[in-house]
Amino acid sequence: MASVSWRHTLFFLVVVNLSVLTTACSSHYGNAIEEFCLAKFKLDMEVLDQRQWCSWEDTVESYGELTNCTFLVALKMNCFWPNRMVDEFFIRVHRHYFHDCSLSGRLLHDPPNRILGPFIVVPILVTLLMTALVVWRSKRSEGIV
């Protein structure tokens, strides 16, 4: 019976210790990544024109530095990474900076008229031609059995 009590006590201590570490980590970790990591990322993004925010080529370096910063802060504070705080942090970053971007990282826009035109005109012409052919063949049907 003593070993069961010892195991429960050990389990309880481990759970309490982890919860204290997690709580301590989350209360200060969020502030640290906001202060150290996000501040630099904001400065980097202010240098770019807002139209360039969706260009992966223009933002990949700053975004990589932001990711590495959150990792290094977690490492210094003995926090797990990634964690719930990091997920919520990046969701906020994406909502603010990348909410208008497509999944491919490029802004979607119509192709030039020289490319778009044939895709519109050709089906219309084919439809009209086929309609004219059917009408013409239906009028010439008197000789066909």
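Quick caveat: nothing in here was measured; it's all calculated off a predicted structure.

### As for the nonpolar core
Moving on, step 1. Within the largest apolar cluster, 25 residues are counted, with the highest numbers of intra-cluster contacts made by Tyr29, Phe41, Val93 and Phe98.
Moving on, step 2. If one sorts the elements of this core by residue count, helix 1 (residues 2–47) sits on top with eight residues.
Moving on, step 3. Non-local contacts of phenylalanine 98, meaning those with residues more than four positions away in its chain, are made with Phe41, Met45, Trp53, Thr59, Tyr63 and Val93.

### Some remarks on the pattern of salt bridges
Moving on, step 1. Within the structure shown, the criterion is met by five salt bridges.
Moving on, step 2. Between glutamate 65 and lysine 40 there is a salt bridge, with the nearest N and O atoms lying 3.1 Å from each other. Of this pair, glutamate 65 sits in helix 2 (residues 56–76) while lysine 40 is found in helix 1, placing the two residues 25 residues apart along the sequence.
Moving on, step 3. Classification of lysine 40 by relative accessible area gives partly exposed; the value is 41%.

Cut-offs used in this document
- Residues numbered from 1 in each chain as written.
- Predicted model: local features only at pLDDT ≥ 70, side-chain atom pairs only at ≥ 80, totals over all residues.
- Heavy atoms only, no water.
- Core = buried A, V, L, I, M, F, W, Y, C linked by side-chain atoms within 4.5 Å.
- Buried < 20%, exposed > 50% of the residue type's maximum accessible area, 1.4 Å probe, protein only.
- Helix = DSSP H or I, 4+ residues; strand = E, 2+ residues; numbered from the N terminus.
- Contact = heavy atoms within 4.5 Å.
- Salt bridge = Lys/Arg side-chain N within 4 Å of Asp/Glu carboxyl O.

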